[in-house]
Amino acid sequence: MTMSETPSTQRSLQVALGDRSYPIHIGSGLLGDPTWLSPYLAGRQVLIVTNEAVAPLYLERLRHGLPNEAEVRELVLPDGEATKTLACVSRIWDALLEAGFNRRCTLVALGGGVIGDMVGFAAACYQRGVAFIQVPTTLLSQVDSSVGGKTGVNHPLGKNMVGAFWQPRAVLIDTDTLKTLPAAEFSAGLAEVIKYGLIRDAKFLAWLEAEMAALRNLEPEALAWAIERSCQLKADIVAADETEQGVRALLNLGHTFGHAIEAHQGYGNWLHGEAVGVGMLMAAELSCRLGWLSADEVERSAAIIASAGLPLKAPVGMGAEDFLSRMRLDKKNVDDRLRLVLLETLGKAVVYDEAPMPLLQELLERFPRS
Ligand code: NAD
Ligand code: GLY
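Predicted model, so just to flag it, every value in this text is computed and none were measured.

Details of the packing of helix α6 (residues 183-200) against helix α7 (residues 202-216)
Moving on, step 1. Axis separation between α6 and α7 bottoms out at 7 Å; the angle between their running directions is 160°. As the angle between them shows, α6 and α7 are arranged roughly antiparallel. For the crossing formed where α6 meets α7, the hand is right-handed. In this structure, α6 contributes F186, S187, L190, V193, I194, Y196, G197, L198 and R200 to the contact, and α7 contributes A202, F204, L205, L208, M212, L215 and R216.
Moving on, step 2. A per-class count over the contact of α6 with α7 returns 12 nonpolar, two polar and two charged.

Below, the structure written as structure tokens:
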């Protein structure tokens, strides 16, 4: 795959789920252009949900993208992973009920993965299910969380432990929004982009290695291709296994370790993508201890994660038992078996049904901390 094969910056893909199929539109200037939002509204009633950081940047622009006849309400929630709670979702239901919105209303999630996950969950439950549209504004939400219908909130004992599968009507990705995203958040999104290369697409991984600097400089063509390829890989997996009975679990590479880091550190103290980056490296190391990856391939994994501006070390003070106690709560586990996504080779992930405990223990004790 070369840059000359990369497509123009305006692209549309489809998540193929029968009569619940939906498009992902990717491009510059989508926000504020009525062409994009209007076709996906269920009726006149629209609730835009965003947060205090995103509202001053994009709420006004999004409002211009709604038809004049729409009855529009807005809800601005506080910002941050720590707000991804049932209490915040309840505020969305309060707003819907206070507005007297019925089953033909549409919720619009304007923000990153936190807003998208909460709004999707609110939509899944309100009057047993109403329409919602994802307008993701972080790289992570554009390449991952807005696609595929996983919605929900955190519980003090575990991340994303309460939720539902509920697909949006459309995903509208305006790449211009990335211009205001802090660099650390952009790097966090790159962790999920790298994940697709590691689990499914060695050529894409090689392209990312070559184009990382262009991506971090927000070069439009490189950005559009990275988002499109990531969304395509995710859309294919979701179409094959919507409710994670099989192949979708591969999207959790690094997440079992990463979720343990996030929960142990307190939600919001480590960015999700940062924790996933370290988690992917831990998965690569464990794959190496199993004799699957070579030391060079682990080095290559570490190098691309580092080139995205992501940390390579686990938090200091987090012991092996701190990892294990959180990892035992992972949703992938079956009965008492701890399941992990590991790498057979770069570009091919597999679900390992019962973690190799002595090797895992050793890894958790020896993995570098900072
Ligand atoms: P986030 O939603 O907290 O956004 C990161 C920060 O960037 C926030 O402060 C936000 O207000 C701010 N922000 C958003 N857009 C901005 C913009 N354009 N300019 C400036 N600031 C902006 O975090 P995230 O990384 O987008 O998402 C992480 C969440 O996504 C986690 O809760 C994770 O569990 C979830 N997630 C869900 C799925 C899924 O399949 N549903 C997949 C991956 C991650
Ligand atoms: N981010 C994992 C999934 O959507 O399945």
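From this point on, the discussion continues.
With respect to the pairing of strand β7 (residues 150-155)
Moving on, step 1. Here β7 runs beside strand β8 (residues 158-165); their pairing, made up of five bridges, is antiparallel. Bridge pairing in β8 places V153 opposite V162.
Moving on, step 2. Once β7 ends, the chain turns through two residues before running back antiparallel as β8.

Re the side chain of S187
Moving on, step 1. Locating S187 in the fold gives a position in helix α6.
Moving on, step 2. Excluding anything up to four places from it in sequence, S187 contacts R216, A308, G309 and L310.

Quick look at the pattern of salt bridges
Moving on, step 1. Counting across every chain of the model gives 20 salt bridges.
Moving on, step 2. Taking the shortest distance from any N to any O, the salt bridge between D353 and R339 comes out at 2.8 Å. Taken together, the positions of D353 in the loop between β11 (348-352) and α13 (357-366) and R339 in the loop between α12 (320-327) and β10 (340-345) put the pair 14 residues apart, joining distant regions of the chain.
Moving on, step 3. Since its relative accessible area comes to 18%, R339 is described here as buried.
Moving on, step 4. Residues joined in a network through salt bridges with shared partners are D144, E192, K195 and K234.

Observations concerning helix α3 (residues 86-98)
Moving on, step 1. When the terminal C-alpha atoms of α3 are compared, their 18 Å separation across 13 residues agrees well with the 18 Å that a helix rising 1.5 Å per residue should span.
Moving on, step 2. When α3 is considered as a whole, its buried residues turn out to be C88, V89, I92, A95 and L96. One side of α3 carries all its buried residues, which in axial view fall inside an arc of 110°. Opposite the buried face of α3, at more than 90 degrees from it, the exposed residues are A87, L97 and E98.
Moving on, step 3. Where α3 is buried, its residues touch β3 (45-51), β4 (71-77), β5 (106-111), α4 (113-125) and β7.
Moving on, step 4. In the stretch just after α3, G100 is the one whose phi turns positive, near 70°.

A short note on the site of ligand 1
Moving on, step 1. Close contacts around ligand 1 come from 27 residues, with D79, E81, T137, T138 and T180 the closest.
Moving on, step 2. E81 places a side-chain nitrogen or oxygen 2.7 Å from an oxygen atom of ligand 1.
Moving on, step 3. Note that an oxygen atom of ligand 1 is positioned 2.6 Å from one of the side-chain N or O atoms of T138.
Moving on, step 4. Elements supplying a minimum of two residues to the shell around ligand 1: α2 (55-64), α4, α5 (139-145) and β8.
Moving on, step 5. Considered class by class, the residues forming the shell around ligand 1 number eight nonpolar, 10 polar and nine charged.

Brief notes about the packing of aromatic side chains
Moving on, step 1. Within the structure shown, the criterion is met by three aromatic pairs.
Moving on, step 2. Ring centres of F204 and W207 lie 5.9 Å apart, and the angle between their planes is 10°; on these two criteria the pair is classed as stacked. Of the two residues, F204 and W207 both sit in helix α7, three residues apart, roughly one turn of that helix.
Moving on, step 3. The class for W207 is buried, based on a relative accessible area of 3%.
Moving on, step 4. Here W292 and Y352 contribute two aromatic rings whose centre-to-centre distance is 5.5 Å and whose plane-to-plane angle is 55°, an arrangement assigned as tilted. Of this pair, W292 sits in the loop between α10 (272-289) and α11 (295-307) while Y352 sits in strand β11, placing them 60 residues apart in sequence.
Moving on, step 5. Owing to a relative accessible area of 29%, W292 belongs among the partly exposed residues under this scheme.
Moving on, step 6. In this structure Y352 comes out as partly exposed when scored by relative accessible area, which is 23%.

What counts and how
- Residues numbered from 1 in each chain as written.
- Chains lettered and ligands numbered in written order.
- Predicted model: local features only at pLDDT ≥ 70, side-chain atom pairs only at ≥ 80, totals over all residues.
- Heavy atoms only, no water.
- Axes fitted to C-alpha atoms, helices over the stretch in contact; angles between N-to-C directions.
- Helix = DSSP H or I, 4+ residues; strand = E, 2+ residues; numbered from the N terminus.
- Parallel < 35°, antiparallel > 145°, perpendicular 65-115°, else oblique.
- Left-handed = near helix turned anticlockwise from the far one by under 90°.
- Contact = heavy atoms within 4.5 Å.
- Nonpolar A, V, L, I, M, F, W, Y, C, P; charged D, E, K, R; others polar.
- Pairing = 2+ DSSP bridges.
- Salt bridge = Lys/Arg side-chain N within 4 Å of Asp/Glu carboxyl O.
- Buried < 20%, exposed > 50% of the residue type's maximum accessible area, 1.4 Å probe, protein only.
- Expected span 1.5 Å × (residues − 1).
- Arc of directions from axis to C-beta.
- Near = heavy atom within 4 Å.
- Polar contact = N/O pair within 3.5 Å; in protein donor to acceptor, adjacent residues only side chain to side chain.
- Phe/Tyr/Trp six-rings, centres within 6.5 Å; stacked < 30°, edge-to-face > 60°.

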